Every structure is written in structure tokens, then in C-alpha cells.
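# Commentary on secondary and tertiary structure
If you want the building blocks of each chain, they are given just below.
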Amino acid sequence: HGGWYPDRKTRLVRRGKARWTGMDPHDKLVAEGETRPLGGELAHFTYRNFSHQLKIIDKFSDVAVEEYVKAGRRFSLFMFLFHPPVKFFECYVWKLGFLDGWPGLVIAAASAFYVRTKYVKLWEKTRNPKAAP
């Protein structure tokens, strides 16, 4: 639940018949032509523990902010204040993360923290250095 499962991704493609789209670190492989699901599931345990998850959040937020800066995106106080709680609600309530108990709560909180982290880092990257305290 919580938006992490099922996480369907294109995994096998004929060479030269797909391209990467989206924004790093959440880019995706898009195949040319018809796709179909493979039978079975791929168990992917993303994090060893919470400390590892925080390290990945730090790394992915750096990559995302670099993409934002390249695209000319600026810090928004409105988005800083409202996007993280909306992300928490999306993961925990809308996508039923609460059904996963404690792990669902941690995932929702970490997802909201990731969003907030990106806004703080974007502010740091794009603020006027003369206005720094």
C-alpha cells in the first residue's frame, strides 16, 4: 500500500526499442509498441534500514534539485508548506498506507520528508546569497 506496491515498471525491452523519459531520479523506461506484464513478482527491498532510507532521500533530493535548477524551477513557500502534508495524506490515507501499520506510517512520513527536503535544498540553491543571514 502507500503507493509503493504494486510498483509496475518496464523491465525487459528489445534493444533499441525503448527510451528513458521523466526526471532523474524518478525517470522511467518507455517501450515503443505493445507491452505486457510478466508473470510473478520481483521482490525489491529498497532499504536496509531507516538510516539507509535517509541517505537515499538525501542523495535523491540532491539529484532532483539539480534537475529543478536546470529547468529553472524556483522555490515556492506555498509548495513548501502544503506539498509535504498532501504527500503524507496521499501515501497514508488515499493509497491506504495505514493498512500497513507502523511501516505504512514510516513510509508516509519519509515520503513527506523527502518532498520537504527537496524544497529546502531548492531554496538553498536558488536564494539570493546577499540575503543570507
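So, here's what we can say about the structure. It should be emphasised that the depicted structure is a prediction, and the values quoted were computed from it without experimental measurement. (Residues numbered from 1 in each chain as written. Predicted model: local features only at pLDDT ≥ 70, side-chain atom pairs only at ≥ 80, totals over all residues. Heavy atoms only, no water.)

Let's shift gears to a nonpolar patch on the surface. A cluster of nonpolar side chains, Leu-77, Phe-78, Leu-81 and Phe-82, forms an exposed patch at the surface whose accessible area comes to about 430 Å². Along the chain, the position of Phe-82 falls in helix α2 (residues 77–94). (Patch = residues over 30% accessible without salt bridge, like charges linked within 9 Å, V, L, I, M, F, W, Y side chains within 5 Å. Areas by Shrake-Rupley, 256 points an atom, 1.4 Å probe, with all protein chains shown as cover. Salt bridge = Lys/Arg side-chain N within 4 Å of Asp/Glu carboxyl O. Helix = DSSP H or I, 4+ residues; strand = E, 2+ residues; numbered from the N terminus.)

A word on the packing of helix α1 (residues 50–70) against helix α3 (residues 102–126). Packed helix pairs are characterised by how far apart their axes lie and by the angle those axes make with each other. Direction vectors running N to C along α1 and α3 enclose 40 degrees, while the axes themselves pass 9 Å from each other. The angle between α1 and α3 places the two elements in the oblique class. Seen along the crossing, α1 lies across α3 with a hand that is right-handed. (Axes fitted to C-alpha atoms, helices over the stretch in contact; angles between N-to-C directions. Parallel < 35°, antiparallel > 145°, perpendicular 65-115°, else oblique. Left-handed = near helix turned anticlockwise from the far one by under 90°.)

Within the structure shown, the criterion is met by seven salt bridges. With its nearest N and O atoms 2.5 Å apart, the salt bridge here joins Asp-58 to Lys-121. In this pair, Asp-58 is assigned in helix α1 and Lys-121 in helix α3, connecting sequence segments 63 residues apart. Since its relative accessible area comes to 14%, Lys-121 is described here as buried. Each of Asp-58, Asp-62 and Lys-121 takes part in salt bridges that share partners, so that together they form one network. (Buried < 20%, exposed > 50% of the residue type's maximum accessible area, 1.4 Å probe, protein only.)

With 21 residues, α1 ought to run about 30 Å at 1.5 Å a step, and its terminal C-alpha atoms sit 30 Å apart, in line with that. For α1, the set of buried residues is His-52, Gln-53, Ile-56, Ile-57, Ser-61, Ala-64, Val-65 and Tyr-68. Between the side-chain oxygen at the start of α1 and the backbone nitrogen of Ser-51 there is a gap of 3.1 Å, and the oxygen is on Asn-49. Where α1 terminates, the next one or two residues include Gly-72, which has phi positive at roughly 80 degrees. (Expected span 1.5 Å × (residues − 1). Polar contact = N/O pair within 3.5 Å; in protein donor to acceptor, adjacent residues only side chain to side chain.)

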